[in-house]
Amino acid sequence: MKSWLILLVAAGFEIVWALGLKSTHGFTRLWPSIGVIAAMVISMWLLSLATRELPIGTAYAVWTGIGAVGTAIAGVLYFNESASALRLLCIVLIIAGVAGLKFLAK
């Protein structure tokens, strides 16, 4: 269970760095760029810790899935990105896939 919690925190940091990319302006702004790079490093480090006990394919897919869903939802909420029914359906499909991988992991 500890590895899943670590993976969840790693995915949280993935969402942070993905959202932070906008504020770096192509890595031309120093402090936002440092924050994004720090979040990337922490996210990858935590992912590597989680893979000590979790299968790499499952851990990576869950990490990217949570990151993608979290970033997409935050994009809708904070950046006025599209919330069309088809886009939301795709987000639900990602969630279903991540949940399936979590519950089927050995």
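Heads up: the structure comes first, above all this text.
Residues numbered from 1 in each chain as written. Predicted model: local features only at pLDDT ≥ 70, side-chain atom pairs only at ≥ 80, totals over all residues. Heavy atoms only, no water.

## Brief notes about the packing of aromatic side chains
And then number 1: For the structure on display, the rule yields one aromatic pair.
And then number 2: Between Tyr60 and Trp63, the aromatic rings sit 5.6 Å apart at their centres with planes inclined by 40°, giving tilted as the arrangement. Highlighted residues: Tyr60 and Trp63, both in helix α3 (residues 56–79), separated by three residues, approximately one helical turn.
And then number 3: Using a relative accessible area of 5% as the deciding quantity, one classes Trp63 as buried.
And then number 4: When the ring centre of Phe79 is taken as reference, the NZ or CZ atom of Lys22 above it lies at 5.4 Å.
And then number 5: One Lys or Arg, Lys102, reaches over the ring of Trp4 and ends 5.0 Å from the middle of that ring. (Phe/Tyr/Trp six-rings, centres within 6.5 Å; stacked < 30°, edge-to-face > 60°. Helix = DSSP H or I, 4+ residues; strand = E, 2+ residues; numbered from the N terminus. Buried < 20%, exposed > 50% of the residue type's maximum accessible area, 1.4 Å probe, protein only. Lys NZ or Arg CZ within 6 Å of the ring centre and 35° of its normal.)

## Looking at a nonpolar patch on the surface
And then number 1: A surface patch of nonpolar side chains, about 340 Å² in accessible area, is lined by Leu21, Phe27, Ile37 and Val41.
And then number 2: Assignment of secondary structure puts Leu21 in helix α1 (residues 2–24). (Patch = residues over 30% accessible without salt bridge, like charges linked within 9 Å, V, L, I, M, F, W, Y side chains within 5 Å. Areas by Shrake-Rupley, 256 points an atom, 1.4 Å probe, with all protein chains shown as cover. Salt bridge = Lys/Arg side-chain N within 4 Å of Asp/Glu carboxyl O.)

## As for the packing of helix α2 (residues 30–50) against α3
And then number 1: Where α2 meets α3, the axes come as close as 10 Å, and the angle between the chain directions of the two elements is 150°. Once α2 is placed against α3, the crossing between them reads as right-handed. Each of Ser43, Met44 and Leu47 in α2 lies in contact with α3, whose residues at this interface are Ala59, Tyr60 and Trp63.
And then number 2: A breakdown of the residues in the contact of α2 with α3 according to their chemical character gives five nonpolar, one polar and no charged. (Axes fitted to C-alpha atoms, helices over the stretch in contact; angles between N-to-C directions. Left-handed = near helix turned anticlockwise from the far one by under 90°. Contact = heavy atoms within 4.5 Å. Nonpolar A, V, L, I, M, F, W, Y, C, P; charged D, E, K, R; others polar.)

## Remarks on unusual backbone geometry
And then number 1: Phi at His25 is positive, roughly 50°, even though this residue is not glycine.
And then number 2: Locating His25 in the fold gives a position in the loop between α1 and α2.
And then number 3: Even without being glycine, Asn80 reaches a positive phi, approximately 60°.
And then number 4: Topologically, Asn80 is positioned in the loop between α3 and α4 (85–104).

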